[in-house]
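# Tertiary structure, described
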Amino acid sequence: MGTPVEAHLAVVTGASRGIGAAIAEVLVANGFQVALLARDEAALAGLETKLGARARSFRCDVAHEASVNATLDRIEKSMGSPGVIVNNAGLGGPFHRVDEVDQAEWDALFGVNVEGVRHTCRWALPRMKASGYGRIVNIASLLGLFGGARSSTYAATKHALVGFSKSIAAEWASAGITCNAVCPGYIDTEMLAKADSQSRESLLRRIPAGRFGSAEEVARLVAFLVGPFGGYINGSTLVMDGGLSAHVANEVIGF
């Protein structure tokens with residue numbers, strides 16, 4: 001059974017760098033048209049040039065529903081109604097204790113990491129239902145499944161995203177829509193590159209695979225989920241961490 005033309009149009013948020021840029025690149029290589037969304041117009045323009053005619057960039061601040069709605073309306077008018085939404089935009093931190101997190105920090109992280117996803121989904125779901133097809137992938141984190149000292153706010157947003165993804169899956173599957181959450185562990189992006197060598201070595205010792213993941217590996221999982229063989233994967237939380245969360249003995253016993 002084929003999929004509608006709209007299935008080949010994907011929106012990727014936070015597409016200007018790192019995992020988002022890798023997702024956009026892999027989707028273009030797999031035949032998708034891709035709308036690139038982020039706040040950094042210069043970085044978006046560079047990626048658009050690199051990816052060619054199948055990619056178009058749109059400045060968007062996902063924390064603000066008016067910005068999301070206006071941007072997605074522009075995409076719909078110029079490219080069509082997207083059949084794929086990849087919610088990758090996210091903020092990290094603040095890296096301190098619960099009692100040190102102020103309201104502005106809390107609001108900023110929930111604004112992007114949770115509200116941003118809600119905004120795109122509120123816009124897209126009725127349109128996907130009308131077409132009878134939709135694929136939503138939300139990029140969460142390993143901290144969407146576990147806690148993390150000095151990462152309470154970030155962990156809270158990613159837990160919310162996992163639960164939100166499962167609820168969408170339950171509500172909208174009958175309309176031909178799937179929604180899954182991807183939970184990467186330590187991925188070798190710009191953020192991880194900022195860590196000092198001692199911290200990186202300490203992290204590597206805890207990962208059974210003995211290496212960090214790559215943004216391309218995350219991107220290829222996303223491409224599978226939104227591709228022709230991913231239609232029965234729905235409401236899942238897929239972990240990509242090189243075995244880190246499976247090797248509890250590493251932390252408890254020190255093996």
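### Some details on the overall build of the protein chain
- Secondary structure summary: the protein chain contains nine helices and seven strands in total.
- Its C-alpha atoms give the protein chain a radius of gyration of 18 Å, near enough to 18 Å, the size a compact globule of 255 residues would have.
- With the C-alpha coordinates aligned to their principal axes, the bounding extent of the protein chain is approximately 55 × 40 × 35 Å.
- Residue pairs in contact within the protein chain that sit at least 24 positions apart in sequence constitute 66% of those at least 6 positions apart.
- As displayed, the protein chain offers around 12100 Å² of accessible surface, 54% of which is attributable to carbon and sulfur atoms.
- Averaging the coordinates of the 23 positive side-chain charges in the protein chain and doing the same for the 24 negative ones gives two points 4 Å apart.

### Structural notes on the packing of helix α3 (residues 65–79) against helix α4 (residues 103–131)
- Contact geometry of α3 with α4 gives a least axis separation of 9 Å together with a crossing angle of 40 degrees. In terms of orientation, α3 lies oblique with respect to α4. The handedness of the crossing between α3 and α4 is right-handed. Where α3 abuts α4, its residues E65, V68, N69, L72, D73 and E76 lie against R118, H119, T120, R122, W123 and R127.
- Residue composition of the contact of α3 with α4, by class: three nonpolar, three polar and six charged.

### A short note on unusual backbone geometry
- Omega for the bond connecting G93 with P94 falls within 30 degrees of zero, at -15 degrees, which places this linkage in the cis form.
- Position of P94 among the secondary structure elements: in the loop between β4 (84–87) and α4.
- Backbone geometry places R150, a non-glycine residue, at a positive phi of 65 degrees.
- Relative to the helices and strands, R150 is located in the loop between β5 (134–139) and α5 (152–172).
- By relative accessible area, R150 is classed as partly exposed at 47%.

### Topic: the pairing of strand β1 (residues 9–13)
- Counting buried residues along β1, five of its five residues qualify, which places the element largely inside the surrounding structure.
- Residues L9, V11 and T13 line one face of β1 and the alternating positions A10 and V12 line the opposite face, and both faces are buried.
- Relative to strand β2 (residues 33–38), β1 runs parallel, the two being bridged by five bridges. Along β2, the bridge assignment pairs V12 with L36.
- Where β1 meets β4, three bridges bridge the pair, whose relative direction is parallel. Each bridged residue has a counterpart across the sheet, and for V12 the counterpart in β4 is V86.

Here is what the cut-offs are and how they apply
Residues numbered from 1 in each chain as written. Predicted model: local features only at pLDDT ≥ 70, side-chain atom pairs only at ≥ 80, totals over all residues. Heavy atoms only, no water. Helix = DSSP H or I, 4+ residues; strand = E, 2+ residues; numbered from the N terminus. Rg over C-alpha atoms; globule rule 2.2 N^0.38 Å. Contact = heavy atoms within 4.5 Å. Areas by Shrake-Rupley, 256 points an atom, 1.4 Å probe, with all protein chains shown as cover. Lys, Arg positive; Asp, Glu negative; His and termini not counted. Charge placed at Lys NZ, Arg CZ, Asp CG, Glu CD. Axes fitted to C-alpha atoms, helices over the stretch in contact; angles between N-to-C directions. Parallel < 35°, antiparallel > 145°, perpendicular 65-115°, else oblique. Left-handed = near helix turned anticlockwise from the far one by under 90°. Nonpolar A, V, L, I, M, F, W, Y, C, P; charged D, E, K, R; others polar. Buried < 20%, exposed > 50% of the residue type's maximum accessible area, 1.4 Å probe, protein only. Pairing = 2+ DSSP bridges.

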